[in-house]
Amino acid sequence: MRLLTHNMLSSNIKGVANDFRLRIDIEKVVEKQIEWKALIDASRSMGYTKLPDEADPSMLDSDDFLQKFHHALLELHLEEGALVCPETGRKFPVNKRIPNMLLHEDEVPIWLIREVRLVKHRDCRWNFRCSATSFEEKIMLLRIKSGKTNIHLQVSLKLSLFISIAFKSTCRHHSSSETEIESERITKIINDHPFPDHPLHLTLCHQIPPVVLSPTFVENVLGRLFATHSNGLKAFEFFKYSLLHSQFCPSSDAFEKTLHILTRMCYFDKAWELMEEIRRSHLSLLTLKSMSIMLSRIARFQSYEDTLEAFERMEKKIFAGKKFGTDEFNILLRAFCTQRQMKEARSVFNQLHSQFSPNAKTMNILLLGFKESGDVTAVELFYHEMVRRGFKPNNVTYNIRIDAYCKKGCFGDGLRLFEEMKQINCSPTLETITTLIHGAGVARNTTKAKELFNEICMRNLLPDIGAYNALMSSLIRSRDMKSAASFIIASIR
DNA sequence: TTAGGGTTAG
């Protein structure tokens, strides 16, 4: 199975539009019995204005990639918040924007260019509208792959612009699941509530019967509150309400979301209060992840000393006196590293390494921190220190160093480390090769990028979305549109 | 927020 994302497609089309002015081969379209007029008419009816009136010979080109692109008949239906392909019945959920789509074998791939919005008409119907500004960007290409027939090159299929959408006036914007509808309703109530002028829990008591308070529902509401940047104190109130009234044990996800919401808005007192409460009532929810959320935010918004104090407070008070070891030490270091506070990370390491025996992961966390700060010299210096201290570099160590070079445009150095890796029997991973493909792109070396992509399969690894995106972006960066187009065709076969 | 890679959009 091959995977392809909307992003890959859209970046490719953007490149096509820029470089080729999206030469639409009218003659070929007619020759292949594709209903060009239908496409134009449908586009006009959608309000597109910059449409060519007639075939412009200068737009013709012998390149056949459009022929390969323009495959399908599209008449999608919008039902209950989902796009439905009439041929296969497969549904694609629709939110404010159609999410990135993955293309699977035997499923309907949807290629979208730029942003697509659902627009509500005055008569309560829904329709699609592209937000892009030029015709090139407004065309959306869709392809239906029938289970039995390979239609890649069978361009005699009817082409019509898919935008003729059937709709239901009753359709909902989001998923049809009852939990989602209910959580959306409760989120709105919470967001509109005048808390803290009036108590929120009374409203929640009125609006949410305890039986509705499933872990999924609670996570759903908190997720929405998180996404809408709602008042953190309201989210906290809601979570406390769920702790009191739900017949289920709260999920770690709900707890972590609440912690995220509170710390993001710097409500650290409330966050500690929440941790204390969970320590008393649901100790098992206190995990390294929740500790990491808290420490990262404190490192970001408070002082170095505050962060160290918080770490101590975690050990002595929150985590029930558990003796902290390497894992917890790594979390502390990572908190500084992710905030790019490498002086602080270094200082903590020097200060505490004798107390918490560091491991290879510890060293890689620091190495990564130096890399993210964009300091290749610091990466190499720390790498040598790591070796001097007796740590054996592993795949991750090499991947970080290779990425540091590639991001700086030193592709040759990246390749050198790649060779070194192989020589010492440290097997390159999918991440190693993806990094190098990206590095080849930065160095505008598409030949090497393609070679590296092929090496993935030669090493019995399976390319994933990251690897595809890396090659696609490398090709686009070098304006190698032909390779980009054939890469797409090859990917979906 | 996960010791490592890619993309976009908000």
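Conventions we followed
Here the residue numbering is sequential within each chain, running from 1 through the sequence in written order. Note on labels: chains are lettered from A, ligands numbered from 1, in written order. The predicted nature of this model means local features are confined to residues of pLDDT at least 70 and side-chain atom pairs, given and counted, to a pLDDT of 80 or more, with totals for whole chains, interfaces and linings taken over all residues. Computation of side-chain values covers all heavy atoms of the structure but excludes hydrogens and water. Strands are runs of DSSP state E lasting at least 2 residues, helices are runs of H or I lasting at least 4, and numbering of each runs from the N terminus. Any residue under 20% of the maximum accessible area for its type is buried, any over 50% is exposed, and the rest in between are partly exposed; the area is computed with a 1.4 Å probe on protein chains only. What makes two residues a contact is simply this: any of their non-hydrogen atoms within 4.5 Å. Only the protein chains shown count as cover for residues, and the accessible areas themselves come from Shrake-Rupley with a 1.4 Å probe. UniProt positions are given in the numbering used here, feature names are shortened, and annotations may be inferred rather than shown by experiment. Note: pLDDT gives the predictor's confidence per residue, expressed from 0 to 100. Consider each residue's heavy atoms; a residue with any of them within 4 Å of a molecule or strand counts as near. Pairing of N or O atoms within 3.5 Å defines a polar contact, subject to two protein rules: one partner must be a possible hydrogen donor and the other a possible acceptor, and residues neighboring in sequence count only if both atoms are side-chain atoms. Put simply, Ala, Val, Leu, Ile, Met, Phe, Trp, Tyr, Cys and Pro go in the nonpolar bin, Asp, Glu, Lys and Arg in the charged bin, and everything else, Gly too, in the polar bin. Expected span of a helix, by definition, is 1.5 Å for each gap between consecutive residues, and there is one gap fewer than residues. Where helices are involved, their axes are fitted lines through C-alpha atoms of the stretch in contact, as for all axes, and angles between N-to-C directions lie from 0 to 180°. Angle categories: roughly parallel below 35 degrees, roughly antiparallel above 145, roughly perpendicular from 65 to 115, and oblique for all the rest. Stacked, edge-to-face and tilted are the three classes for Phe, Tyr and Trp ring pairs, Trp counted by its six-membered ring, which pair at centre distances within 6.5 Å; planes under 30 degrees apart are stacked, over 60 edge-to-face, the rest tilted. Here, a salt bridge means any Lys or Arg side-chain nitrogen found within 4 Å of an Asp or Glu carboxyl oxygen. Disulfides are defined in this document as cysteine sulfur pairs within 2.5 Å.

## Here's the deal with the overall build of chain A
Link 1 in the chain: Helix and strand counts for chain A stand at 23 helices and 5 strands.
Link 2 in the chain: Per-residue burial over chain A gives 49% buried out of 493 residues.
Link 3 in the chain: In chain A, once contacts between residues fewer than 6 apart in sequence are set aside, the share between residues at least 24 apart is 68%.
Link 4 in the chain: When the accessible surface of chain A is summed, it comes to about 23,700 Å², and 50% of that surface belongs to carbon and sulfur atoms.

## Some words on the UniProt feature "repeat: PPR" (unreviewed entry) in chain A
Link 1 in the chain: Following the UniProt record, one finds the feature "repeat: PPR" (unreviewed entry) at residues 359-393 and 394-428.
Link 2 in the chain: Structurally, residues 359-393 is divided into 74% helix and 0% strand, and its ends, taken at the C-alpha atoms, are 11 Å apart.
Link 3 in the chain: Note that residues 394-428 is 74% helix and 0% strand, and that its end C-alpha atoms are spaced 10 Å apart.

## Quick look at the side chain of Thr 307
Link 1 in the chain: Examined against the element boundaries, Thr 307 turns out to sit in helix 13 (residues 304-318).
Link 2 in the chain: Residues contacting Thr 307, with those up to four places away along its chain left out, are Leu 295, Ile 298, Ala 299, Leu 332 and Phe 336.

## Observations concerning the confidence of the model for chain A
Link 1 in the chain: For chain A, the mean per-residue pLDDT works out to 72, and 64% of the residues sit at or above 70.
Link 2 in the chain: Throughout residues 42-87 the model reports pLDDT below 50, and contacts reaching past four residues in sequence, or to other chains, amount to 142 contacts.
Link 3 in the chain: In this model, residues 92-176 is a region of pLDDT below 50 whose contacts with residues beyond four sequence positions or in other chains number 230 contacts.

## Looking at the protein's contact with DNA strand B
Link 1 in the chain: The environment of DNA strand B is made up of 32 residues, and the closest members are Lys 289, Arg 334, Asn 399, Asp 464 and Asn 469.
Link 2 in the chain: The sugar-phosphate backbone supplies 51% of the atoms of DNA strand B found within 4 Å of the protein.
Link 3 in the chain: Interatomic distance of 3.2 Å between a side-chain N/O atom of Asn 394 and a base nitrogen of DNA strand B.
Link 4 in the chain: Take Thr 435: an N or O atom from its side chain is 3.3 Å from a sugar or linking oxygen of DNA strand B.
Link 5 in the chain: Within the residue set of the surface near DNA strand B, elements represented by two or more residues are helix 12 (288-301), helix 14 (326-338), helix 16 (360-372), helix 18 (395-407), helix 20 (430-442) and helix 22 (465-477).
Link 6 in the chain: Looking at side-chain class alone, the surface near DNA strand B contains 7 nonpolar, 15 polar and 10 charged residues.

## Structural notes on helix 18
Link 1 in the chain: For helix 18, with 13 residues, the first-to-last C-alpha span of 18 Å sits near the 18 Å given by 1.5 Å per residue.
Link 2 in the chain: The element helix 18 is largely enclosed, with a buried count of 10 among its 13 residues.
Link 3 in the chain: Taken together, the buried positions of helix 18 are occupied by Thr 397, Tyr 398, Asn 399, Ile 400, Arg 401, Ile 402, Asp 403, Ala 404, Tyr 405 and Cys 406.
Link 4 in the chain: Of the surrounding elements, those touching the buried residues of helix 18 are helix 16, helix 17 (376-388), helix 19 (411-423) and helix 20.
Link 5 in the chain: The residue sitting at the N-terminus of helix 18 and contributing the capping side-chain oxygen is Asn 394; that oxygen lies 3.1 Å from the backbone nitrogen of Val 396.
Link 6 in the chain: In the stretch just after helix 18, Gly 409 is the one whose phi turns positive, near 85°.

## Things to note about the packing of helix 10 (residues 252-264) against helix 12
Link 1 in the chain: For the pair helix 10 and helix 12, interaxial distance at closest approach is 10 Å and the crossing angle is 5°. Overall, the two elements helix 10 and helix 12 adopt an arrangement that is roughly parallel. Here Phe 255, Glu 256, Leu 259, His 260, Thr 263 and Arg 264 of helix 10 lie close against helix 12, whose contacting residues are Lys 289, Ser 290, Ile 293, Met 294, Arg 297 and Phe 301.
Link 2 in the chain: Residues that form the contact of helix 10 with helix 12 fall into these classes: 5 nonpolar, 3 polar and 4 charged.

## Description of the packing of aromatic side chains
Link 1 in the chain: If you walk through the whole model with that rule in mind, you get 12 aromatic pairs.
Link 2 in the chain: On the numbers, 6.5 Å between centres and 55° between planes, the contact of Phe 268 with Phe 301 is tilted. Taken together, the positions of Phe 268 in helix 11 (residues 268-281) and Phe 301 in helix 12 put the pair 33 residues apart, joining distant regions of the chain.
Link 3 in the chain: Under the relative-accessibility criterion, Phe 301 is labelled partly exposed at 38%.
Link 4 in the chain: Here the aromatic rings of Phe 329 and Phe 356 are separated by 5.2 Å at their centres, their planes lie at 15°, and the arrangement is stacked.

## Brief notes about the environment of Glu 451
Link 1 in the chain: Structurally, Glu 451 is set in helix 21 (residues 446-458).
Link 2 in the chain: Between the alpha carbons of Glu 451 and Ile 437 there is a distance of 8.8 Å; along the sequence they are 14 residues apart.

## Thoughts on helix 22
Link 1 in the chain: For helix 22, with 13 residues, the first-to-last C-alpha span of 18 Å sits near the 18 Å given by 1.5 Å per residue.
Link 2 in the chain: Put simply, Asp 464 is the residue that caps the front of helix 22, since its side-chain oxygen is 3.2 Å from the backbone nitrogen of Gly 466.
Link 3 in the chain: Just past helix 22, the residue Arg 479 takes up positive phi, approximately 55°.

## Looking at the pattern of salt bridges
Link 1 in the chain: Within this structure, the stated rule accounts for 25 salt bridges.
Link 2 in the chain: We note a salt bridge from Glu 184 to Arg 224, for which the minimum N-O separation is 3.8 Å. Here the residue Glu 184 occupies a position in helix 6 (residues 178-192), and Arg 224 occupies one in helix 8 (residues 215-227), the gap between them amounting to 40 residues.
Link 3 in the chain: The class of Arg 224 is buried, set by a relative accessible area of 16%.
Link 4 in the chain: Here Lys 450 ties to Asp 480 by a salt bridge, and the two come within 3.8 Å at their closest N and O atoms. With Lys 450 in helix 21 and Asp 480 in the loop between helix 22 and helix 23 (481-492), this residue pair connects regions lying 30 residues apart in the sequence.

## Concerning the state of the cysteines
Linking two cysteines covalently through their sulfur atoms gives a disulfide.
Link 1 in the chain: Here the structure, examined in full by the defined rule, presents 0 disulfides.
Link 2 in the chain: There is no disulfide at Cys 406, and the cysteine sulfur nearest it, in Cys 410, is 8.7 Å away.

## Here we look at unusual backbone geometry
Link 1 in the chain: The residue after Phe 195, namely Pro 196, is reached through a cis peptide bond having omega 10°.
Link 2 in the chain: Among the secondary structure elements, Pro 196 is positioned in the loop between helix 6 and helix 7 (200-207).
Link 3 in the chain: In this structure, Arg 340 is a non-glycine residue whose phi angle is positive, near 55°.
Link 4 in the chain: You can see Arg 340 is positioned in the loop between helix 14 and helix 15 (342-352).
Link 5 in the chain: In this structure, Arg 479 takes a positive phi of about 55° despite not being glycine.
Link 6 in the chain: Counting through the fold element by element, Arg 479 comes out in the loop between helix 22 and helix 23.
Link 7 in the chain: Assessed through its relative accessible area of 48%, Arg 479 is described here as partly exposed.

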